[in-house]
Each structure stands twice: as structure tokens, then as C-alpha cells.
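Given next are the chains, with one letter for each unit.
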Amino acid sequence: MSNKISGSEILIRSLIDQGIDKVFGYPGGSIIPVYDRLYDFSDKLHHYLARHEQGAIHAAEGFARATGKTGVVIATSGPGAMNLITGLNDALMDSTPIVAITGQVQSTLLGKDAFQESDVVSVTLPVTKWAIQVRRPEDIASAVARAFYIANSGRPGPVVIDLAKDAQTGVAEYIFQPCNFIRSYNPDPEVAHEIIDEAAKIINNAKRPLILSGHGVTISKAEDELISFAEKGDIPVGCTMLGLSSIPTDHPLNKGMLGMHGNLGPNINTNKADVIVAIGMRFDDRVTGDTKKYAPNAKIIHIDIDSSEFDKTIKSHLHIHGNAAGVLRRLTEVIDKNNHKDWNDSFSRHAKVEDERVKARETNASTPDGKMLMGEVVSKVSEAFSHDAILVTDVGQNQMFSVRYFSYTRPRSVISSGGLGTMGFGLPAAIGAKIGEPERNVVLFIGDGGLQMTVEELGMIMEYNVGVKIVLLNNNFLGNVRQWQHLFFNSRYSATPMVNPDFKMLANAYGIPAIDVAHRDQLDEAIEKMVSTEGAFLLNVNIDETDMVFPMTPAGHAVDEILLNATEYYKPV
């Protein structure tokens, strides 16, 4: 009696043996054999049908970001595979572990321009950690094991397995053999004691140290280590956007967000610091501003699992190639207990100015038409969920306002498209996050432009009863582009005003309850209704189209050259 099974079943069993019980996808001709076998394993491997392949991979990203597990997406050949490209690039930029499985035409047809054939491996190599085409069923199990090891080790990222149709239909024996070693691939490098000691000496001698906490802290589950390190050294912490929930919002050493729309304190004091400890971050241009004027007085210690990031943008005095959690534990053991009260107090003075500006702006915002500001909406929603929800954002003003005004108490509470800035990411990512963490509240802030890019994924909410709370910050504009047009292009609003549909009616068509919030005096009651309603909900909020995100460091300026409004730069006393 033969123990051989089809390549499709080998794939399904390999996923299950990797601990996968949820996948996202969209079927098609070249992947039908896999979906046929999936039918028999639906009790062990739950498939969520997206309405578009881009929605499927963004949902897998949201799942991965919320859980720390590898997200899995399945698509067919040709257009199905090509529709994954944006999500693969997004996952690569934001270090998100994804295994994408694509169907491919039969191996005998490869290179002959067969129906729905595309060169998936060549196209995806620039936007993945690894891509492979499998043409034989006996190679599937090892390819899957290798893919999962690569995707979620070292600096995580996406991988692609392109399965020829005859590999799916052919038969072979299946033996589960997990992969935990690949020659020449070292995802967890050892760090020499000498480097740790040298870094500790620099930190101990610092008068104005500053920690920059990036996404790598969350990826390596180093939140506790970050807090212990910061507390022992009494070192203030500034966070990149994706690093925001690496430390609770109300922690006294958390000084807020870095970058273009970051808080005054960490941005101003970046250029006053004498030592910067950068952890799991890549010195993105939105964080550094003009690199020639960045941190001129600081010795920079850069900790990262990816050595290619060292000196790529900002030259470091010392770089430590290793896992953030392990490096921080060792550093905490050897640094001195310290006190930097005056230095920490300087952040508070900047924060006071910022708070006064925000309060003044909200006080003056009581316009007769009742239109609201994004910041006030985000703050009220965050408070309504006791600052304990998972925040998911789309891209644009909604993103910047929500990450600035939402508060966090737990790790993995911020999911946003950082490096690629993908509009349309928000809705499917929120769905994936809620599927991955069903016991946590998931709140999506999104603009009217971004929602309409992947609005079809409301179908996933309807079909699987996914309880995402959607707050639509609706200003009938592509708001972020409008802001730049206002500030830098003489208010020439080219292709940014939007004529929108009836979003409440649209949500109702998908069985999702919704409220239109037209006036400020309706907001509190509407939020209460959203919170108390079980399952999904859409809050369509009438936003003042002139609302703009400040503070703002204009592109090309130094990180401490900060606009407080359209014309006034911050001049710290």
C-alpha cells in the first residue's frame, strides 16, 4: 500500500504541522488542487476568503503584526500572484513575516506564455526575503519548512512559494521535517562581551542620553527589556511610529513619537543628545529629516538584527549586531543606575507647549457647522476603549492623527503601514488583526480615500462576522496631499477633493451598523453606541477639511526645524 499523497495535501499538512490554523486567500485555476484538498481539512485549517488578493495579503499582515505569528496567503497564478506585490513590498519594508503561496501553470508550459502565466519568482525577488518555484511534489514539504524558518527568523519578512500545477497534482511521500538551520544564514548572531562593555561605558558617561525605540523592539518581544534598560539608566525614550506600543503611553520615560509629525520633545532633543541608543530602527528619512543636520552632538549606538542597516543612512559610533531582547538584557546588567532628571524635565517643557497648542486649537474649533478635528475624535475613541485596544490605521492624515492621539497599554497595539505607506492597508489589516486576536478590541481609523481602495473587504466582515470598529475620518479630501498642497503648492488642490458615496448605506449593505456623525454634539453618544454594539460598526465622522497635522518637520529640513502651524516655526526657550 502506497503512503504517497498529492502535493496539494503535502502543502496543507505542512502548514498544519507548522502550527498554522488560519490562512487568507482567493482561489483560481492554477491553485484549484490546493483548494480542493483544503476542503477536506477545513476543520483544522480555516480559510478566509478575501474579495481581492491585495486584501488577502494585507489581512495576513494584520494577523501577523497582531499575533507575532507568520501570516499565510494563497493566490492563483498570473493576476492573482501579481495582486500580492504591494502587500509583499509592504511586508518587506515593515519586517512582517508572511508566507505567500501562489499557483503556477503546469511546468511543461512554463516560458510559453500560457494562460495566466507570469514569472512570479523574478517579479517577487526584489520584494521578498526569499522566493522559490516548486515543480515536483517531493520538494513541497522542504520548501514550506524553509519558507517558515526564513520568514520569521532574524529580521522577519515575506517569502513566496510558487507551486506549479503538476507539483500540486503529483504524489510523493510526506515526512514533516522542520527547518532550523540554513548554511550561510545566521539569523541570531552572537554579540561579543567587549562590544557590550564598550556600549555600557558610552552610556554611563552620557549626560543627555536618548533611546530611539523602533519596530524591532516589538518584533523581538523586547518590551520588558526596553523598560528595564530605560529605567535603570533613567533614559528618555522616543518611539518611531511602528515602535509606539513598545512602551506604555503613560510611562514617565516615554517622551512620544519621533519624526515628521512627531512630538516636540524627542525631535528637538535628538539634536541635543550626546548619546543615542537606536534599537531596531532604520533611521527612515521621516525620522531623521536632513541627515546632514541629524544628531550632530551624539555618539550613536545602533542595535539591530539586520547588519545591512548599519551606517546605511546615519553613521553610528558603535553598532551591535544582535537580537534586541538579548542585547538589552546584557546592557541592563552592566550599565550604571543613573539619574538624568534635568534632561528628562526638558522633554516635559516641550510637551507643555505642545499640549497648550492642542487645547487652544480644539477650543477654537467650535465652528457653526459642527465639523470635528481628527485629534479630538481619536482621543475620545481611545478613552472609550480604556486605552487598551489594538489601533490599526490606514495611511494619510488619519494615520498621523491616530498614532499621535491614541494611547497604548499593551505591546502589539499599533498596526500601520510604515515604510511603504500603503493606502488601502487599513481595512483588511484590521480584519486580520481581529481574526488573530479575537479577544481584543480592534479599532480602525481610516480616511475616505483609503477606505475606498479596499472597500470590498467589508465582505470579509460580513461573511465571517469580524468585529472591527471602523472610525471613518471623512473630510471629502485626500487630506494628507491636500495639506502639502496648502503648505507648499499655493493651495492648488489638484485631484484631492472627493465626491463620496453614502458610507452609512454602504456599510448597511454589508450588514454593518453605522452612524453618521455630522455635528460635534453627536460625537460622544455615537462613540458610546459603537462601543456598546457587539460586532462590527462604522462611525462616519464629519471632519473639517482644513484640519492639518502639526507639529510638522517639512521634508528636507532638520529634525528640530518644526512647524507649529502653516507659518510659525517652533522656537524653544
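Please read all numbers here as calculations on a predicted model, not as lab measurements.

Within the open sheet, the six strands sit side by side as 3-2-4-5-7-6. Their pairing is parallel. The two strands at the open ends of the sheet, each matched to only one other strand, are strand 3 (46-49) and strand 6 (130-134). For this sheet, the mean angle separating the axes of adjacent strands, direction not counted, is 20°. Bridge analysis of strand 2 (residues 22-25) against strand 3 gives four bridges, and the strand direction is parallel. Paired with Phe24 across the strands is Tyr48, a residue of strand 3.

With respect to burial, helix 1 (residues 7-17) is a largely interior element, eight of its eleven residues being buried. Buried within helix 1 are the following residues: Gly7, Ser8, Glu9, Ile10, Leu11, Ile12, Ser14 and Leu15.

The subject of this paragraph is helix 14 (residues 324-334). Three or four residues apart is the spacing at which side chains of an α-helix point the same way, because the helix has 3.6 residues per turn. Turning to helix 14, its buried residues are Ala324, Ala325, Val327, Leu328, Leu331 and Thr332. Each buried residue of helix 14 sits inside an arc of 160° when the element is viewed along its axis, so together they form one side. One side-chain oxygen at the N-terminal end of helix 14 lies 2.9 Å from the backbone nitrogen of Ala325; it belongs to Asn323.

Between helix 3 (residues 53-67) and helix 5 (residues 85-93), the least distance of the axes is 8 Å, while the angle of their chain directions is 20°. Classed by the angle they form, the pair helix 3 and helix 5 counts as roughly parallel. Handedness of the helix 3/helix 5 crossing: right-handed. Along the contact surface, helix 3 presents Gln54, Ile57, His58 and Glu61, while helix 5 presents Thr86, Gly87, Leu88, Asp90 and Ala91. Of the residues contributing to the contact of helix 3 with helix 5, the split by class is three nonpolar, four polar and two charged.

Before going further, it helps to spend a moment on the packing of helix 1 against helix 7 (residues 140-151). Where helix 1 contacts helix 7, the two axes come as close as 9 Å, and the packing angle between them is 30°. Accordingly, the angle class assigned to the pair helix 1 and helix 7 is roughly parallel. Considering the relative orientation of helix 1 and helix 7, their crossing is right-handed. Contact with helix 1, carried on its side by Gly7, Ile10, Leu11, Ser14 and Leu15, involves Ile140, Ala141, Val144 and Phe148 of helix 7 and no other residues of that element. Taken together, the residues of the contact of helix 1 with helix 7 sort by class into seven nonpolar, two polar and no charged.

The next subject is the sheet that holds strand 13 (residues 299-304). Overall, parallel pairing links the six strands, which are arranged 11-10-9-12-13-14 in an open sheet. Strands at the two margins of the open sheet, each flanked by one partner only, are strand 11 (254-257) and strand 14 (318-321). Sheet twist, expressed as the mean angle between neighbouring strand axes with direction ignored, is 20°. With two bridges connecting them, strand 10 (residues 237-239) and strand 11 associate as parallel partners. What sits directly across from Cys239, in strand 11, is Met257. Packed onto the sheet, helix 11 (residues 223-233) meets strand 9 (209-213), strand 10 and strand 12 (275-279) and runs at close to 170° relative to strand 9.

A few words on the side chain of Asp306. Within the secondary structure layout, Asp306 lies in the loop between strand 13 and strand 14. Here Arg155 takes part through its side chain, which lies 2.8 Å from a polar atom of the side chain of Asp306. Polar contacts involving the side chain of Asp306 include one to the side chain of Ser308, which spans 2.8 Å. Setting aside residues no more than four positions away along its own chain, Asp306 makes contact with Arg155 and His321.

Size of an interface, as often reported, equals the accessible area lost when the parts are brought together. As far as domains go, the protein chain holds domain 1 (5-172), domain 2 (193-347) and domain 3 (366-542). Summing both partners gives a buried area of about 2100 Å² for domain 1 against domain 3, and 63% of it is carried by carbon and sulfur. Contact with domain 3 buries surface across domain 1, with Arg51, Arg65 and Ala66 losing the most and accounting together for 29% of the total. On inspection of domain 1 and its partner domain 3, the count reaches one salt bridge. Between Arg51 and Glu463 there is a salt bridge whose closest N-O contact spans 2.8 Å. Applying the counting criterion to the domain 1 and domain 3 interface returns eleven residue pairs in polar contact (both at pLDDT 80 or more). Elements with a contribution of two residues or more to the side of domain 1 that touches domain 3: strand 2, strand 3, helix 3 and helix 5. With eleven residues, helix 3 is the largest single contributor of residues to the side of domain 1 that touches domain 3. Taken together, the residues of the side of domain 1 that touches domain 3 break down into nine nonpolar, eleven polar and six charged.

Rules and cut-offs
Residues numbered from 1 in each chain as written. Predicted model: local features only at pLDDT ≥ 70, side-chain atom pairs only at ≥ 80, totals over all residues. Heavy atoms only, no water. Pairing = 2+ DSSP bridges. Helix = DSSP H or I, 4+ residues; strand = E, 2+ residues; numbered from the N terminus. Axes fitted to C-alpha atoms, helices over the stretch in contact; angles between N-to-C directions. Buried < 20%, exposed > 50% of the residue type's maximum accessible area, 1.4 Å probe, protein only. Arc of directions from axis to C-beta. Polar contact = N/O pair within 3.5 Å; in protein donor to acceptor, adjacent residues only side chain to side chain. Parallel < 35°, antiparallel > 145°, perpendicular 65-115°, else oblique. Left-handed = near helix turned anticlockwise from the far one by under 90°. Contact = heavy atoms within 4.5 Å. Nonpolar A, V, L, I, M, F, W, Y, C, P; charged D, E, K, R; others polar. Domains from an automatic or database assignment. Buried area = accessible area lost by both parts, 1.4 Å probe. Salt bridge = Lys/Arg side-chain N within 4 Å of Asp/Glu carboxyl O.

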